[in-house]
Amino acid sequence: MSDLIQASSRDLEGPLLELTDVTTHFKTPRGLVRAVDGVSFTLERGHALGIVGESGSGKTILSRSIMGLLPPRGTVRGGSIRFEGREIGNLNRKQMRGVWGKEMAMIFQDPMTSLNPVMKIGRQISEPLQIHLGMSKQNAWATAERLLQDVRIPEAKRRLDQYPHEMSGGMRQRVMIAIALACGPTALFADEPTTALDVTVQAQILDLLGEQRKDRNMSLILVTHDLGVVAGHTDEIAVMYGGKLVEKATTKRLFANMKMPYTEALLLSIPKMADPSHTRLNAIAGRPPDLVHPPVGCRFAPRCPYAAPKCVAEEPPLIEAADDPGHLYACWYPVGSPEYHEAKVRIAERNATLAGAAAAGGQ
Amino acid sequence: MAGTGTAHLRDPNEALLRIENLVVEFPVGRTGLKVNAVSGISLDVLKGETLGLVGESGCGKSTTGRAIMQLPRPTSGSVLFEGNELTKMSGDSMREARTRMQMIFQDPISSLNPRRKVRQIVMEPLSIWKRGTAAERDQKVDALLEQVGIDPQRAAESQAHQFSGGQCQRISIARSLVLDPSLIICDEPVSALDVSVQAQVLNLLEDLKREYGLTLIFIAHDLAEVKNISDRVAVMYLGKICEVAPSDMLYRNPMHHYTSVLLNSIPVPDPEIAITKTAIEGEPPSPVLPPPGCRFNPRCPAAQDICRMDEPQLREIDPGHFVACHFPMTVTPVSLN
Amino acid sequence: MTIITTTTAASSESEADPEGALPEGGTPTKRKVTMPKFGVLFGATFLIALTLMAIFADWLPFIRYPDAKVLVDGKAGRYKLGPGTQAWFGTDGISNDVFAKCIYGARTTLQVGVFATVFGIVVGGFMGMVAGYFRGKVDRVVSIITDCLLSLPPLLLAIILINRLDDYKEDAPWLGWLSRKWQIVLTLGLLFTAPLARIVRAQTMSLREREFVLAARSLGAKPGRVIYREILPNLVPAILTVAFTGLSILIAAEGALAFLGLGVEIGTPTWGKLIDENRNKIDTAWWATIFPCIMLFLTVLSFNLIGDRLARRFDIRQAGV
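(A) Main features of the packing of aromatic side chains. Scanning all chains against the criterion turns up 13 aromatic pairs over all chains. Geometrically, the ring pair formed by Phe42(C) and Phe46(C) is stacked, given 6.3 Å between the ring centres and 15° between the ring planes. Within this pair, Phe42(C) and its partner Phe46(C) are both found in helix α2 (residues 38-55), separated by four residues, close to a single helical turn. A residue is classified by how much of its surface remains accessible, and Phe42(C), at 29% relative accessible area, is partly exposed. Taking the centre distance of 6.0 Å and the plane angle of 50° together, the rings of Phe244(C) and Phe303(C) count as tilted. Pair noted here: Phe244(C) is in helix α8 (residues 223-259) and Phe303(C) is in helix α10 (residues 287-320), with a separation of 59 residues, a long-range link. Accessibility expressed as a relative area gives 7% for Phe303(C), which makes it buried. Counting every residue linked through ring pairs, the aromatic cluster contains Tyr241(A), Tyr262(A) and Phe300(A).

Next up, the structure:
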């Protein structure tokens, strides 16, 4: 047991993770990069949370901030992160080491580089067991074999003696999962775990994660840019943009009743199998915001098709939807509001005039 | 899965590009083994058509694209482009032929010379072939840059690393258009881009295709992307073609078991649909030692003895829809051979 | 307000510059100008000062001619003067100003170093590029040559080569232009060729696989053009870095050769010669030998510091690219 966890101070009843105004800024030659700029939410036990966003949204930095895996210099942190009721946002590396592996574990995107190339697989899995749980070497190897079987790697015993380069990408990812699960963490962070994998392997890995989560009653935080991935494998989804949390809801409610124009735009810009070929995609104009000088108002306003003067001037607060408790969003004129519909009409009219002008102007 | 099937090829006079029995093999170090990247595929593309080539890593789709460009030359097979046999062309005439077909690569930033100014990069093809006067070249380059959404002034002053991924990809597209090619091969052009930028580039490709009457070959692993932009799709697995069909037909009615697996594996952004999917077991075997018979047989849920012995040929099951399978997934029973 | 349009014309207004909605956020276009590091500053200052003095030595009032006698009380003395106001570095055995000799010596030393380096870069670079780009037989030939050159002990090679050239000079009048200086340049240049060829070859091989080279080939560019326009500009950082460090090595090598008696002709001072000529006076007139040593040391150090800094700077750029 970690010497830092006083049994009395662990809260086994309340939420697993509570984030309050978490900020992570980096000092760079260009200025202060506001990678994560005030994120607050709560995660209950045993739930699977998907954190969705593009590059620059802060999703990866957020998960690393929670884990405490940030570079030691040049980082400015703020806010509170409570894990099982205990404040972990201000622990140093040494203290976090007691948490890593046992309470929280992480799997990363690139299975090629995440495993030690000169260490046998068996050793990489059994080491945390020996260190954190004090198992004997024999026990640890036996457990390692069982873990490999859990993650559906055929011929587990033989694999223990292999090196990472002898395995395929999908298998390496499974090994990473096995290492992460070895000490029975309460929360598993998966940072783009399947982006580098083939789509059929991706499906296998995601199913595996879901299965393990249920078997071990573990919480899963899945960080990805792929809305399709979160749709099928999460209970809740948090959408991030420009370092801020812009929408959070249960998965079903998010897709059924989106509030944020960004989420809507994201969904509309993905080519879908159900659409006929040559369907025009609704691209989102512009680029993700500059994190050193983010826009004053809503960070999505420069690209938002429905943006109004208020959106550019004032940043909308994160509020709870009246018609949907638990559904958080940050928008002045969310999807479905009267202003939104007005704006849509205006856009349609403008499109019609433009199309008319283009046609009239001649080719 | 067929190597030698050519049933799906159409009238050679109408095809802009026609590949027959293309084979590309790479030696593995000094072991004497070969990587069978592409094992005898045939395809054709009509003028103005977009052919989508889809498959997972190791299926040989990128290699096919490069082999068409003869970079490097394929091990064997024929590549007929605008009536010319590319595999038999000498260095000089090959270089000439290259101006008519261009390629766009996956990594946007790495496709541009990091030490040169971007506008120079786009101007380069015109300089190589000495087309037009200096003024004409300037005009053409500026017009193209604007068309793809890049400020020509900024392009003249900046290098590739000063642009975003999406912008770099546009610059690559501009560069590929400057010689007025008839065919453009896109090798995973949006895979390395952010989700919201992908749609921009895909739309741009469609627009440009229409405006310039281009023929496209779109290579990707994302079936939804490929379906969106293509007229016709060919599914590849381990160096062979499984199925060729018009895109809508492929989705509505996949006949090859691999295509079906591929479709089922794609995560759909809809929680109602997503939950009922099940994944397939195993991983693609190594292209060094492909399985005998149909290459998909070890993982195929419908595999029988004949699949392990006899390689299936591409044959037409429905009009325009070709499958290489002994037991394709059809509603009506189909007799063997 | 930005509009998402669904019109189809590619030239429609709002799609003309979809990413222009924002300023150049996300990618830095200009680095903040910071003070260069101390090492580079020192190195650059020293080298520039030295070069200027060497070039304009004839016109600078405070530098005597190397063979001018320094007079004390109207008489030429021997080792009379240590470093002081009359002669900054003192005088040597024949009453010549050591400082003046150092500056004039710098001319020769720097010339030899620079020319040898340039020779090495041109020949070695060419070989490396050709070997790396075309591979196959060309690569094997070049590799054999470089491997041979690298496995021969350099000092031995230098000695043999210079002596041989000395002999040939006597028989062949057409080699008359080949003063000792140029013999040394050729020899050192030849020795520098091999490591440079290796480095350039490795870099070329990796650059060759990059997609922008593939793109150039697919545009129909001839190999010569691809090498010249695509590969060469990307080799410059590596070559520059090696050049600076190599320069310092070659200068030290010239000093060593002079020390061994294989230096340039009599009458032309170089640091190596100065060190050699005056080393046995080190007890009585240490300045005559030590000051040229110090000059050599500072010059080599300066080149090294700059070379190091270049390596770091270009490494980072390469990694980013």
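(B) Spatial organisation of the sheet that holds strand β1 (residues 15-27) of chain B. Taken in spatial order, the four strands line up as β2-β1-β4-β5 (chain B) in an open sheet, and their pairing is antiparallel. Because the sheet does not close on itself, it has two edges, and the strands there are β2 (34-46) and β5 (84-85) of chain B.

(C) Geometry of the confidence of the model for chain C. Residue and element names in this part refer to chain C. Looking at chain C as a whole, the pLDDT averages 77, with 80% of positions reaching at least 70. Predicted confidence in chain C is weakest over helix α1 (residues 13-16), with a mean pLDDT of 32, and strongest over helix α4 (residues 136-151), with 91. Segment residues 1-33: pLDDT under 50, and 74 contacts once partners within four positions in sequence are set aside and those in other chains are kept.

(D) Summary view of the nonpolar core. If you look at the biggest cluster of nonpolar residues, it comprises 96 residues, and the most contacted ones within it are Ile173(B), Phe218(B), Leu223(B) and Val235(B). The contacts of Leu223(B), once residues within four sequence positions are left out, are Met273(A), Val54(B), Leu250(B), Leu262(B), Leu263(B) and Ile266(B).

(E) Focus on the pairing of β2(B). Residue and element names in this part refer to chain B. The element β2 is extensively covered by neighbouring structure, given that eleven of its 13 residues are classed as buried. Examined bridge by bridge, β1 and β2 share ten bridges and lie antiparallel to one another. Looking at the pairing, Val23 lines up with Ser39 of β2. Remark: six residues form the turn of the hairpin made by β1 and β2, two consecutive strands paired antiparallel; Gly29 in that turn has positive phi of roughly 50°.

(F) Representation of a nonpolar patch on the surface in the model. Residues and elements named next belong to chain C. A cluster of nonpolar side chains, Val114, Phe115, Val118, Val122, Trp174, Trp177, Trp182 and Leu186, forms an exposed patch at the surface whose accessible area comes to about 810 Å². Every element with two or more residues in the nonpolar patch is listed here: α3 (98-134) and α6 (180-208). If one sorts the elements of the nonpolar patch by residue count, α3 sits on top with four residues. Tracing the chain through its elements places Trp177 in the loop between α5 (154-171) and α6. A relative accessible area of 53% places Trp177 in the exposed class.

What counts, and at which threshold
- Every chain is numbered independently, its residues counted from 1 as its sequence is written.
- Just so you know, chain letters begin at A and ligand numbers begin at 1, following the order they were written in.
- Thresholds applied to this predicted model are a pLDDT of at least 70 for local features of residues and 80 or more for the giving and counting of side-chain atom pairs; totals over whole chains, interfaces and linings are not thresholded and use all residues.
- Based on all heavy atoms of the structure, the side-chain values leave hydrogens and waters out of the count.
- A pair of Phe, Tyr and Trp rings is counted when the ring centres sit within 6.5 Å of each other, with Trp represented by its six-membered ring. The angle between the planes then sorts it: under 30 degrees is stacked, over 60 is edge-to-face, the rest tilted.
- Helix numbers and strand numbers start at the N terminus; a helix is a DSSP run of H or I with at least 4 residues, a strand a run of E with at least 2.
- Buried residues are those whose accessible area, probed at 1.4 Å on protein chains only, stays under 20% of the maximum for their type, while exposed residues exceed 50% and partly exposed ones sit between those limits.
- DSSP-based pairing: two strands are paired if at least 2 bridges between them are found.
- Residue-level confidence of the predictor is what pLDDT reports, using numbers from 0 through 100.
- Residue contacts are counted whenever heavy atoms from the two residues lie within 4.5 Å of one another.
- Each nonpolar core is a collection of buried residues, namely Ala, Val, Leu, Ile, Met, Phe, Trp, Tyr and Cys, held together in the definition by side-chain atoms within 4.5 Å.
- The patch calculation keeps residues exceeding 30% relative accessible area without a salt bridge and links them within 9 Å when they carry like charges or within 5 Å when they are nonpolar (Val, Leu, Ile, Met, Phe, Trp, Tyr).
- The accessible surface values rely on the Shrake-Rupley method and a 1.4 Å probe; as for residues, cover is taken only from the protein chains in view.
- In what follows, salt bridge is the name for a side-chain nitrogen of Lys or Arg lying within 4 Å of a carboxyl oxygen of Asp or Glu.

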